[in-house]
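# Working through the structure, step by step
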Amino acid sequence: MNEMALASRLFWVLIGPFAGLYVATFAAAWPRWPRPLVGQSRCDRCHAPLRAIDQIPLLSYALKGGRRACCDGRIPRTFPLGEGGGLAVGLIAALWPQPLLAGLTALLGFCFLYLGLVDLRRYRLPIPALSAAAALSLGLSALTRWSDLPGDLLGAAAVMAMMLVLRRLGPGRGAGAGMGAGDVALAGIVALLTGWRLAPLAIALAALAPLLVMAVTRRRGPIAFGFWLSLTGCIALIPLGF
Ligand SMILES: [Zn+2]
């Protein structure tokens, strides 16, 4: 491995958790912009200054059982999830020896992280992030599997058509219930990344996973299908790097 590749890999692993936390800050504030944009050093609930350890959500979440040290308020799960997800995205990007492909993979991973976190909180998939994810997955597929691209595009279109049919048939149209137009688009993006052979299996697993979680935890409520699709998209990025 040359020095350039090693530097690129180290960069993504180190930057991952910080970028993930930044992504989480934007996801938690959606549809507004977070304020301040950088340097959250005070508790947003009681405004007490944060200790160094509280600025690492994964650590303080684990130590205090999801509570804040200052005022015992609940830490939104968006923040530890964002930090852990960012670390995972950094590790996936670090699989690439080529800095350009590592960068595209990281950007797409952070798009998925943002989409998943917003969907988990609001049951919405913001269109700018969906558009960015679509462009990045098209670019990544073209650069890594050019000869498969026509078949994979057809596969993605077929998955989206199937999802549209399911959406028509499914109960509960609209916000917070069932499948939205954003879910259809996101399924197409994930199908493009997995390739047409694996797309049906990947989408089926993304649909079954939340039902399984509900059965195990015995908790009911609306399903953030976009979160599970985003997670599937991140997993689909792993084999591309090998
Ligand atoms: Zn506080």
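Residues numbered from 1 in each chain as written. Predicted model: local features only at pLDDT ≥ 70, side-chain atom pairs only at ≥ 80, totals over all residues.

### What about the nonpolar core?
- Counting residues in each nonpolar core, the largest one holds 59 residues, and the members touching the most others are C111, Y114, L115 and V190.
- Per-element accounting of this core gives the leading share, 12 residues, to helix α4 (residues 99–122).
- With near-sequence residues (within four places) excluded, L115 lies in contact with L125, A129, L130, A133, L186, G226 and S230. (Core = buried A, V, L, I, M, F, W, Y, C linked by C-beta atoms within 7 Å. Buried ≥ 20, exposed ≤ 12 C-beta atoms within 10 Å, placed from the backbone. Helix = DSSP H or I, 4+ residues; strand = E, 2+ residues; numbered from the N terminus. Contact = placed C-beta atoms within 7 Å.)

### As for the packing of helix α7 (residues 181–194) against helix α9 (residues 225–240)
- Close contact between α7 and α9 brings their axes to 9 Å; oriented N to C, the two are set at 15°. It follows that α7 is roughly parallel to α9 by the angle criterion. Of the two possible hands of crossing, α7 and α9 adopt the one that is left-handed. Residues G182, D183, L186, A187, I189, V190, L193 and T194 of α7 touch α9, and the partners they reach there are F225, G226, L229, S230, T232, G233, A236 and L237.
- A class-by-class count of the residues in the contact of α7 with α9 yields 9 nonpolar, 6 polar and 1 charged. (Axes fitted to C-alpha atoms, helices over the stretch in contact; angles between N-to-C directions. Parallel < 35°, antiparallel > 145°, perpendicular 65-115°, else oblique. Left-handed = near helix turned anticlockwise from the far one by under 90°. Nonpolar A, V, L, I, M, F, W, Y, C, P; charged D, E, K, R; others polar.)

### Section: the environment of A202
- Along the chain, the position of A202 falls in helix α8 (residues 199–217).
- Residues A202 and T232 lie 30 residues apart in sequence; the distance between their C-alpha atoms is 6.8 Å.
- Excluding its chain neighbours within four sequence positions, the residues that come into contact with A202 are V190, T194, T232 and A236.

### Remarks on unusual backbone geometry
- Omega for the bond connecting W30 with P31 falls within 30 degrees of zero, at 10°, which places this linkage in the cis form.
- Secondary-structure assignment places P31 in the loop between α1 (3–29) and α2 (57–64).
- A positive phi is found at D72, a non-glycine position, where the angle reads about 65°.
- Secondary-structure assignment places D72 in the loop between α2 and α3 (78–93).
- Even without being a glycine, Y123 presents a positive backbone phi close to 55°.
- Mapped onto the fold, Y123 is located in the loop between α4 and α5 (127–144).

### A closer look at the packing of α3 against α4
- Relative orientation of the contacting elements α3 and α4 amounts to 160°, with a least axis distance of 9 Å. Comparing their axes, α4 and α3 come out roughly antiparallel. Between α3 and α4 the crossing geometry is right-handed. Contacts between α3 and α4 pair T78, L81, G82, G85, G86, V89, G90, I92 and A93 from the former with A102, T105, A106, G109, F110, L113, L117 and R121 from the latter.
- The class makeup of the residues in the contact of α3 with α4 is 9 nonpolar, 7 polar and 1 charged.

### Description of α4
- Spanning 24 residues, α4 covers 34 Å between terminal C-alpha atoms, matching the ideal 34 Å at 1.5 Å per step.
- Following α4 by one or two positions, Y123 adopts a phi angle in the positive range, close to 55°. (Expected span 1.5 Å × (residues − 1).)

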